[in-house]
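The lines below spell out each chain.
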Amino acid sequence: MAPCPAGAVTQRYPADMNPFKTPFRLRTLSVSVAATSALVSSMALAAEPTASACTDFYTHINGQWIANTELPPDRARIGSFDQLAISNTRLLIRSLDRLMAQPQQQDTPGLKLLAAWYGSALDPAVAQAAGLQAAQPLLQRIASLKDRSELPALLAEFTRARLGGPLGMSVMADNQDVRRHILGVGGSGIGLPDRDDYLKTDATSKRLQDAYRTYARQLLQLGGTTPDDAALDALLAFEKSLAESLLNAVERRNPQATNHRRTLQTLQAEAPGLDWAAWARAAGATPDRLGADQPFMLPQPRHAQAVARLVQEAPLSTWQTYLRLRLLDALAPWLDERFQAASFDWKERAQRGLTKPSPRNEQLVYLIGGRTGWEPLAQTLGELFVRESFSSQAQA
(Lines give C-alpha, C1' and ligand atoms only; values in the text may rest on other atoms or scores of the structure.)
Protein backbone atom coordinates (compact mmCIF):
# COMPACT_ATOMS: atom_id res chain seq x y z
CA MET A 1 0.00 0.00 0.00
CA ALA A 2 1.37 3.39 -0.94
CA PRO A 3 2.22 5.70 1.94
CA CYS A 4 -0.34 8.33 2.84
CA PRO A 5 0.50 11.91 1.87
CA ALA A 6 1.43 14.23 4.70
CA GLY A 7 -1.60 15.37 6.68
CA ALA A 8 -3.96 12.92 4.93
CA VAL A 9 -4.84 10.79 7.96
CA THR A 10 -7.83 12.64 9.38
CA GLN A 11 -9.56 9.87 11.35
CA ARG A 12 -8.26 6.86 13.24
CA TYR A 13 -11.42 5.99 15.19
CA PRO A 14 -14.99 7.23 15.29
CA ALA A 15 -15.27 9.89 17.99
CA ASP A 16 -17.39 7.67 20.24
CA MET A 17 -15.10 4.65 19.94
CA ASN A 18 -11.67 6.21 20.36
CA PRO A 19 -9.92 4.32 23.20
CA PHE A 20 -7.21 6.95 23.39
CA LYS A 21 -9.27 9.91 24.60
CA THR A 22 -7.52 12.48 26.78
CA PRO A 23 -5.82 11.76 29.12
CA PHE A 24 -3.73 9.69 26.74
CA ARG A 25 -3.05 6.20 28.03
CA LEU A 26 -0.15 4.18 26.75
CA ARG A 27 -1.23 0.68 25.90
CA THR A 28 1.19 -2.13 25.22
CA LEU A 29 0.21 -5.21 23.24
CA SER A 30 2.55 -8.16 23.27
CA VAL A 31 1.73 -10.98 20.87
CA SER A 32 3.52 -14.01 19.44
CA VAL A 33 4.47 -14.29 15.78
CA ALA A 34 1.65 -16.79 15.24
CA ALA A 35 -0.90 -14.52 16.89
CA THR A 36 0.33 -11.60 14.82
CA SER A 37 -0.08 -13.64 11.65
CA ALA A 38 -3.64 -14.59 12.62
CA LEU A 39 -4.43 -10.97 13.41
CA VAL A 40 -3.12 -9.79 10.06
CA SER A 41 -5.17 -12.46 8.26
CA SER A 42 -8.37 -11.49 10.08
CA MET A 43 -7.73 -7.82 9.38
CA ALA A 44 -7.39 -8.61 5.68
CA LEU A 45 -10.75 -10.39 5.66
CA ALA A 46 -12.43 -7.52 7.49
CA ALA A 47 -10.88 -4.74 5.44
CA GLU A 48 -12.98 -2.45 3.28
CA PRO A 49 -10.93 -1.85 0.12
CA THR A 50 -13.08 1.05 -1.07
CA ALA A 51 -12.28 3.12 2.02
CA SER A 52 -8.95 4.88 1.93
CA ALA A 53 -6.54 3.95 4.70
CA CYS A 54 -5.26 7.50 4.54
CA THR A 55 -8.57 9.24 5.28
CA ASP A 56 -10.66 6.65 7.16
CA PHE A 57 -8.41 3.97 8.56
CA TYR A 58 -11.08 2.59 10.90
CA THR A 59 -13.51 1.82 8.07
CA HIS A 60 -10.67 0.59 5.85
CA ILE A 61 -9.75 -2.04 8.45
CA ASN A 62 -13.19 -2.94 9.82
CA GLY A 63 -15.72 -1.96 7.18
CA GLN A 64 -16.45 -5.35 5.64
CA TRP A 65 -16.61 -7.08 9.01
CA ILE A 66 -19.09 -4.51 10.33
CA ALA A 67 -21.22 -4.72 7.18
CA ASN A 68 -21.32 -8.53 7.14
CA THR A 69 -21.57 -9.33 10.84
CA GLU A 70 -25.00 -9.53 12.43
CA LEU A 71 -25.34 -9.16 16.17
CA PRO A 72 -27.09 -12.09 17.85
CA PRO A 73 -30.32 -11.01 19.59
CA ASP A 74 -28.83 -11.73 23.02
CA ARG A 75 -25.60 -9.76 22.46
CA ALA A 76 -25.00 -6.03 22.57
CA ARG A 77 -21.58 -6.40 20.96
CA ILE A 78 -19.39 -9.04 19.39
CA GLY A 79 -15.66 -9.20 18.77
CA SER A 80 -12.56 -11.25 19.52
CA PHE A 81 -12.64 -10.60 23.27
CA ASP A 82 -16.35 -11.38 23.37
CA GLN A 83 -15.72 -14.66 21.56
CA LEU A 84 -13.09 -15.50 24.16
CA ALA A 85 -15.56 -14.75 26.96
CA ILE A 86 -18.21 -16.90 25.28
CA SER A 87 -15.73 -19.76 24.93
CA ASN A 88 -14.73 -19.54 28.60
CA THR A 89 -18.37 -19.34 29.69
CA ARG A 90 -19.22 -22.48 27.71
CA LEU A 91 -16.29 -24.26 29.32
CA LEU A 92 -17.58 -23.28 32.76
CA ILE A 93 -21.10 -24.43 31.88
CA ARG A 94 -19.75 -27.85 30.88
CA SER A 95 -17.77 -27.99 34.11
CA LEU A 96 -20.78 -27.01 36.21
CA ASP A 97 -22.98 -29.57 34.50
CA ARG A 98 -20.36 -32.23 35.15
CA LEU A 99 -20.07 -31.12 38.77
CA MET A 100 -23.81 -31.55 39.15
CA ALA A 101 -23.81 -34.97 37.50
CA GLN A 102 -20.82 -36.29 39.45
CA PRO A 103 -21.25 -35.41 43.15
CA GLN A 104 -17.93 -37.08 43.99
CA GLN A 105 -16.23 -34.11 42.32
CA GLN A 106 -17.76 -31.82 44.95
CA ASP A 107 -14.82 -32.45 47.25
CA THR A 108 -14.54 -29.00 48.87
CA PRO A 109 -17.16 -26.95 50.77
CA GLY A 110 -16.97 -24.29 48.07
CA LEU A 111 -17.67 -26.74 45.24
CA LYS A 112 -20.59 -28.23 47.15
CA LEU A 113 -22.07 -24.78 47.63
CA LEU A 114 -21.39 -23.91 44.01
CA ALA A 115 -23.20 -27.02 42.79
CA ALA A 116 -26.16 -26.40 45.08
CA TRP A 117 -26.41 -22.76 44.05
CA TYR A 118 -26.13 -23.46 40.33
CA GLY A 119 -28.55 -26.39 40.42
CA SER A 120 -31.25 -24.56 42.36
CA ALA A 121 -30.99 -21.42 40.23
CA LEU A 122 -31.14 -23.47 37.04
CA ASP A 123 -34.50 -24.99 37.99
CA PRO A 124 -37.32 -22.42 37.55
CA ALA A 125 -39.60 -24.47 39.79
CA VAL A 126 -37.29 -23.86 42.75
CA ALA A 127 -37.46 -20.07 42.36
CA GLN A 128 -41.20 -20.21 41.79
CA ALA A 129 -41.74 -22.23 44.97
CA ALA A 130 -39.40 -20.07 47.08
CA GLY A 131 -40.96 -16.77 46.03
CA LEU A 132 -39.70 -13.91 48.18
CA GLN A 133 -39.06 -16.09 51.22
CA ALA A 134 -35.34 -15.26 51.44
CA ALA A 135 -36.06 -11.52 51.15
CA GLN A 136 -38.86 -11.42 53.70
CA PRO A 137 -36.74 -10.59 56.80
CA LEU A 138 -35.31 -7.50 55.14
CA LEU A 139 -38.61 -6.56 53.51
CA GLN A 140 -40.24 -6.72 56.94
CA ARG A 141 -37.54 -4.50 58.43
CA ILE A 142 -38.16 -1.97 55.69
CA ALA A 143 -41.93 -2.14 56.21
CA SER A 144 -41.55 -1.63 59.97
CA LEU A 145 -39.28 1.42 59.65
CA LYS A 146 -40.68 3.98 62.10
CA ASP A 147 -37.79 6.19 63.12
CA ARG A 148 -34.82 7.79 61.38
CA SER A 149 -32.49 6.38 64.03
CA GLU A 150 -33.13 2.93 62.50
CA LEU A 151 -31.68 3.94 59.12
CA PRO A 152 -27.94 3.51 59.89
CA ALA A 153 -28.36 -0.17 60.80
CA LEU A 154 -30.78 -0.75 57.92
CA LEU A 155 -28.44 0.85 55.38
CA ALA A 156 -25.62 -1.25 56.82
CA GLU A 157 -27.57 -4.39 55.91
CA PHE A 158 -27.55 -3.25 52.30
CA THR A 159 -23.83 -2.49 52.55
CA ARG A 160 -22.95 -5.89 54.01
CA ALA A 161 -24.98 -7.81 51.43
CA ARG A 162 -24.02 -5.50 48.53
CA LEU A 163 -27.63 -4.88 47.60
CA GLY A 164 -27.12 -1.62 45.75
CA GLY A 165 -27.93 0.83 48.54
CA PRO A 166 -26.46 4.32 48.69
CA LEU A 167 -23.42 3.33 50.76
CA GLY A 168 -20.73 0.81 49.94
CA MET A 169 -17.60 -0.37 51.71
CA SER A 170 -14.60 -2.14 50.21
CA VAL A 171 -10.84 -2.50 50.45
CA MET A 172 -9.06 -0.46 47.81
CA ALA A 173 -5.56 0.64 46.86
CA ASP A 174 -4.46 3.70 48.78
CA ASN A 175 -4.35 6.56 46.27
CA GLN A 176 -1.61 8.21 48.28
CA ASP A 177 0.55 5.09 48.67
CA VAL A 178 -0.19 2.28 46.21
CA ARG A 179 1.90 -0.14 48.28
CA ARG A 180 -0.87 -0.13 50.87
CA HIS A 181 -4.53 -1.06 50.94
CA ILE A 182 -7.10 1.01 52.75
CA LEU A 183 -10.80 0.90 53.51
CA GLY A 184 -12.92 2.80 51.01
CA VAL A 185 -16.43 4.13 51.56
CA GLY A 186 -18.42 4.92 48.44
CA GLY A 187 -21.53 3.85 46.56
CA SER A 188 -24.12 5.61 44.47
CA GLY A 189 -27.54 4.08 45.10
CA ILE A 190 -29.02 5.20 41.79
CA GLY A 191 -31.05 3.01 39.46
CA LEU A 192 -30.43 4.72 36.13
CA PRO A 193 -27.17 3.84 34.34
CA ASP A 194 -25.45 7.18 35.00
CA ARG A 195 -25.98 10.22 37.17
CA ASP A 196 -26.43 12.42 34.09
CA ASP A 197 -29.45 10.35 33.03
CA TYR A 198 -31.41 12.00 35.84
CA LEU A 199 -30.42 15.49 34.74
CA LYS A 200 -30.60 15.44 30.94
CA THR A 201 -33.76 16.09 28.94
CA ASP A 202 -32.77 14.65 25.55
CA ALA A 203 -34.79 11.86 23.93
CA THR A 204 -32.49 9.04 25.06
CA SER A 205 -32.46 10.20 28.66
CA LYS A 206 -36.24 10.65 28.64
CA ARG A 207 -36.68 7.16 27.25
CA LEU A 208 -34.48 5.71 29.99
CA GLN A 209 -36.30 7.68 32.69
CA ASP A 210 -39.67 6.40 31.48
CA ALA A 211 -38.43 2.82 31.21
CA TYR A 212 -36.95 2.97 34.71
CA ARG A 213 -40.20 4.30 36.11
CA THR A 214 -42.07 1.42 34.48
CA TYR A 215 -39.54 -1.04 35.87
CA ALA A 216 -39.79 0.41 39.38
CA ARG A 217 -43.57 0.18 39.34
CA GLN A 218 -43.49 -3.39 38.01
CA LEU A 219 -40.89 -4.61 40.49
CA LEU A 220 -42.60 -3.04 43.48
CA GLN A 221 -45.92 -4.56 42.42
CA LEU A 222 -44.30 -7.99 42.10
CA GLY A 223 -42.90 -7.40 45.60
CA GLY A 224 -46.35 -6.89 47.04
CA THR A 225 -46.83 -3.12 47.09
CA THR A 226 -48.77 -0.85 44.73
CA PRO A 227 -47.01 2.50 44.35
CA ASP A 228 -49.09 5.37 43.01
CA ASP A 229 -47.74 8.11 40.76
CA ALA A 230 -46.93 10.34 43.75
CA ALA A 231 -44.79 7.61 45.33
CA LEU A 232 -42.90 7.08 42.08
CA ASP A 233 -42.40 10.84 41.68
CA ALA A 234 -40.94 10.96 45.19
CA LEU A 235 -38.72 7.95 44.46
CA LEU A 236 -37.24 9.51 41.33
CA ALA A 237 -36.75 12.86 43.08
CA PHE A 238 -34.96 11.02 45.89
CA GLU A 239 -32.62 9.26 43.45
CA LYS A 240 -32.08 12.50 41.54
CA SER A 241 -30.82 14.08 44.78
CA LEU A 242 -28.30 11.26 45.07
CA ALA A 243 -27.33 11.61 41.40
CA GLU A 244 -26.75 15.36 41.70
CA SER A 245 -24.24 14.72 44.49
CA LEU A 246 -22.11 12.39 42.37
CA LEU A 247 -19.16 13.47 40.26
CA ASN A 248 -19.78 13.34 36.54
CA ALA A 249 -17.65 11.30 34.16
CA VAL A 250 -15.36 14.19 33.27
CA GLU A 251 -14.74 15.07 36.92
CA ARG A 252 -13.90 11.46 37.74
CA ARG A 253 -11.05 11.51 35.22
CA ASN A 254 -9.07 13.66 37.63
CA PRO A 255 -7.53 11.27 40.19
CA GLN A 256 -7.27 14.07 42.72
CA ALA A 257 -11.03 14.65 42.55
CA THR A 258 -11.56 11.31 44.30
CA ASN A 259 -8.49 11.40 46.54
CA HIS A 260 -10.04 12.23 49.90
CA ARG A 261 -9.39 10.85 53.37
CA ARG A 262 -11.74 11.04 56.28
CA THR A 263 -12.15 9.49 59.70
CA LEU A 264 -15.45 8.62 61.34
CA GLN A 265 -15.00 11.68 63.53
CA THR A 266 -14.34 14.11 60.68
CA LEU A 267 -17.09 12.61 58.52
CA GLN A 268 -19.57 12.94 61.37
CA ALA A 269 -18.76 16.65 61.59
CA GLU A 270 -18.97 17.09 57.83
CA ALA A 271 -22.18 15.06 57.29
CA PRO A 272 -23.97 15.05 60.65
CA GLY A 273 -27.32 13.73 59.49
CA LEU A 274 -26.25 10.07 59.71
CA ASP A 275 -24.63 8.27 62.65
CA TRP A 276 -21.59 7.12 60.68
CA ALA A 277 -20.07 5.10 63.51
CA ALA A 278 -23.32 3.17 63.97
CA TRP A 279 -23.49 2.50 60.23
CA ALA A 280 -19.83 1.42 60.01
CA ARG A 281 -20.07 -0.89 63.03
CA ALA A 282 -23.24 -2.54 61.74
CA ALA A 283 -21.63 -2.92 58.31
CA GLY A 284 -18.70 -4.84 59.80
CA ALA A 285 -16.11 -2.13 60.47
CA THR A 286 -15.83 -2.88 64.18
CA PRO A 287 -13.64 -0.64 66.37
CA ASP A 288 -10.72 -3.08 66.15
CA ARG A 289 -10.89 -2.79 62.35
CA LEU A 290 -11.69 0.90 62.03
CA GLY A 291 -10.95 3.22 64.92
CA ALA A 292 -12.80 6.51 65.28
CA ASP A 293 -9.67 8.41 64.24
CA GLN A 294 -8.40 5.92 61.68
CA PRO A 295 -8.39 7.32 58.11
CA PHE A 296 -10.25 5.75 55.20
CA MET A 297 -10.79 6.80 51.60
CA LEU A 298 -13.99 8.70 50.80
CA PRO A 299 -13.85 9.27 47.02
CA GLN A 300 -17.00 11.41 46.88
CA PRO A 301 -17.60 13.43 50.09
CA ARG A 302 -20.47 15.35 48.49
CA HIS A 303 -22.36 12.09 48.03
CA ALA A 304 -21.88 11.15 51.69
CA GLN A 305 -23.27 14.54 52.65
CA ALA A 306 -26.29 13.99 50.41
CA VAL A 307 -27.03 10.59 51.99
CA ALA A 308 -26.79 12.10 55.47
CA ARG A 309 -29.09 14.94 54.47
CA LEU A 310 -31.67 12.54 53.02
CA VAL A 311 -31.58 10.48 56.22
CA GLN A 312 -32.86 13.57 58.02
CA GLU A 313 -35.07 15.15 55.37
CA ALA A 314 -36.60 12.50 53.09
CA PRO A 315 -39.94 11.05 54.23
CA LEU A 316 -39.63 7.59 55.72
CA SER A 317 -42.22 6.38 53.22
CA THR A 318 -39.87 7.40 50.39
CA TRP A 319 -37.00 5.61 52.09
CA GLN A 320 -39.17 2.50 52.30
CA THR A 321 -40.07 2.65 48.60
CA TYR A 322 -36.46 3.25 47.67
CA LEU A 323 -35.03 0.42 49.78
CA ARG A 324 -37.70 -2.04 48.62
CA LEU A 325 -36.80 -1.25 45.02
CA ARG A 326 -33.07 -1.57 45.60
CA LEU A 327 -33.54 -4.93 47.32
CA LEU A 328 -35.84 -6.35 44.65
CA ASP A 329 -33.62 -5.01 41.88
CA ALA A 330 -30.58 -6.76 43.36
CA LEU A 331 -32.45 -10.05 43.79
CA ALA A 332 -34.50 -10.02 40.57
CA PRO A 333 -32.09 -12.19 38.49
CA TRP A 334 -32.32 -14.90 41.17
CA LEU A 335 -36.09 -14.80 41.64
CA ASP A 336 -38.85 -16.35 39.56
CA GLU A 337 -39.36 -15.74 35.85
CA ARG A 338 -41.56 -12.67 36.36
CA PHE A 339 -38.75 -10.84 38.15
CA GLN A 340 -36.18 -12.10 35.64
CA ALA A 341 -38.31 -10.82 32.74
CA ALA A 342 -38.72 -7.40 34.36
CA SER A 343 -34.98 -7.19 35.01
CA PHE A 344 -34.21 -8.16 31.40
CA ASP A 345 -36.64 -5.61 29.97
CA TRP A 346 -34.98 -2.82 31.94
CA LYS A 347 -31.30 -3.73 32.07
CA GLU A 348 -30.86 -5.50 28.75
CA ARG A 349 -33.67 -4.43 26.41
CA ALA A 350 -34.01 -0.77 27.43
CA GLN A 351 -30.36 -0.08 28.20
CA ARG A 352 -28.47 -2.34 25.77
CA GLY A 353 -30.96 -2.99 22.98
CA LEU A 354 -31.12 -6.77 23.37
CA THR A 355 -34.24 -8.53 22.16
CA LYS A 356 -33.64 -11.95 23.69
CA PRO A 357 -32.19 -13.09 27.04
CA SER A 358 -29.04 -15.18 26.99
CA PRO A 359 -29.45 -18.84 28.03
CA ARG A 360 -30.10 -19.25 31.75
CA ASN A 361 -26.94 -21.28 32.36
CA GLU A 362 -24.86 -18.52 30.78
CA GLN A 363 -26.59 -15.91 32.93
CA LEU A 364 -25.77 -17.95 36.02
CA VAL A 365 -22.06 -18.05 35.26
CA TYR A 366 -22.02 -14.25 35.34
CA LEU A 367 -24.33 -14.04 38.34
CA ILE A 368 -22.28 -16.50 40.39
CA GLY A 369 -18.89 -15.08 39.48
CA GLY A 370 -19.70 -11.48 38.67
CA ARG A 371 -18.60 -9.91 35.41
CA THR A 372 -15.31 -8.90 37.02
CA GLY A 373 -14.98 -11.77 39.51
CA TRP A 374 -16.14 -9.94 42.63
CA GLU A 375 -19.04 -12.17 43.70
CA PRO A 376 -18.55 -14.45 46.75
CA LEU A 377 -18.19 -17.70 44.76
CA ALA A 378 -16.04 -16.23 41.97
CA GLN A 379 -12.86 -17.88 43.20
CA THR A 380 -14.62 -21.23 43.49
CA LEU A 381 -15.76 -20.83 39.90
CA GLY A 382 -12.12 -20.08 39.08
CA GLU A 383 -11.09 -23.28 40.84
CA LEU A 384 -13.46 -25.19 38.57
CA PHE A 385 -12.02 -23.41 35.52
CA VAL A 386 -8.47 -24.39 36.50
CA ARG A 387 -9.48 -28.03 37.00
CA GLU A 388 -10.97 -28.12 33.52
CA SER A 389 -8.36 -26.09 31.64
CA PHE A 390 -5.01 -27.04 33.16
CA SER A 391 -3.26 -30.37 33.47
CA SER A 392 -2.50 -31.80 36.88
CA GLN A 393 1.14 -30.96 36.28
CA ALA A 394 0.30 -27.34 35.53
CA GLN A 395 -1.90 -27.17 38.64
CA ALA A 396 0.83 -28.54 40.92
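Everything here concerns the structure above.
Notes on the structure follow. In this text the structure is predicted, and so the values were computed from the model without any measurement.

Of the strand pairs in this sheet, strand E1 (residues 168–174) and strand E2 (residues 177–186) are connected by seven bridges, and their pairing is antiparallel. In the strand pairing of E2, Met169 is matched with Val185. The hairpin formed by E1 and E2 contains two residues between the paired strands.

What follows covers the packing of aromatic side chains. Taken as a whole and judged by the stated rule, the model has seven aromatic pairs. Aromatic pair Tyr215 and Trp346: ring centres 6.1 Å apart, planes at 20 degrees, arrangement stacked. Here Tyr215, found in helix H8 (residues 203–222), pairs with Trp346, found in helix H15 (residues 337–352); they are 131 residues apart in sequence, far enough to count as distant. Judged by centre distance (4.6 Å) and plane angle (40 degrees), the rings of Phe238 and Tyr322 are tilted. With Phe238 in helix H9 (residues 229–245) and Tyr322 in helix H14 (residues 316–331), this residue pair connects regions lying 84 residues apart in the sequence. Here Phe238 matches Tyr322 in class, with each residue buried. The structure contains a cluster of three or more aromatic residues connected by ring pairs, namely Tyr212, Tyr215 and Trp346. The ring of Tyr366 carries Arg371 above its face, with NZ or CZ at 4.5 Å from the centroid.

Conventions we followed
- Residues numbered from 1 in each chain as written.
- Predicted model: local features only at pLDDT ≥ 70, side-chain atom pairs only at ≥ 80, totals over all residues.
- Heavy atoms only, no water.
- Pairing = 2+ DSSP bridges.
- Helix = DSSP H or I, 4+ residues; strand = E, 2+ residues; numbered from the N terminus.
- Phe/Tyr/Trp six-rings, centres within 6.5 Å; stacked < 30°, edge-to-face > 60°.
- Buried < 20%, exposed > 50% of the residue type's maximum accessible area, 1.4 Å probe, protein only.
- Lys NZ or Arg CZ within 6 Å of the ring centre and 35° of its normal.

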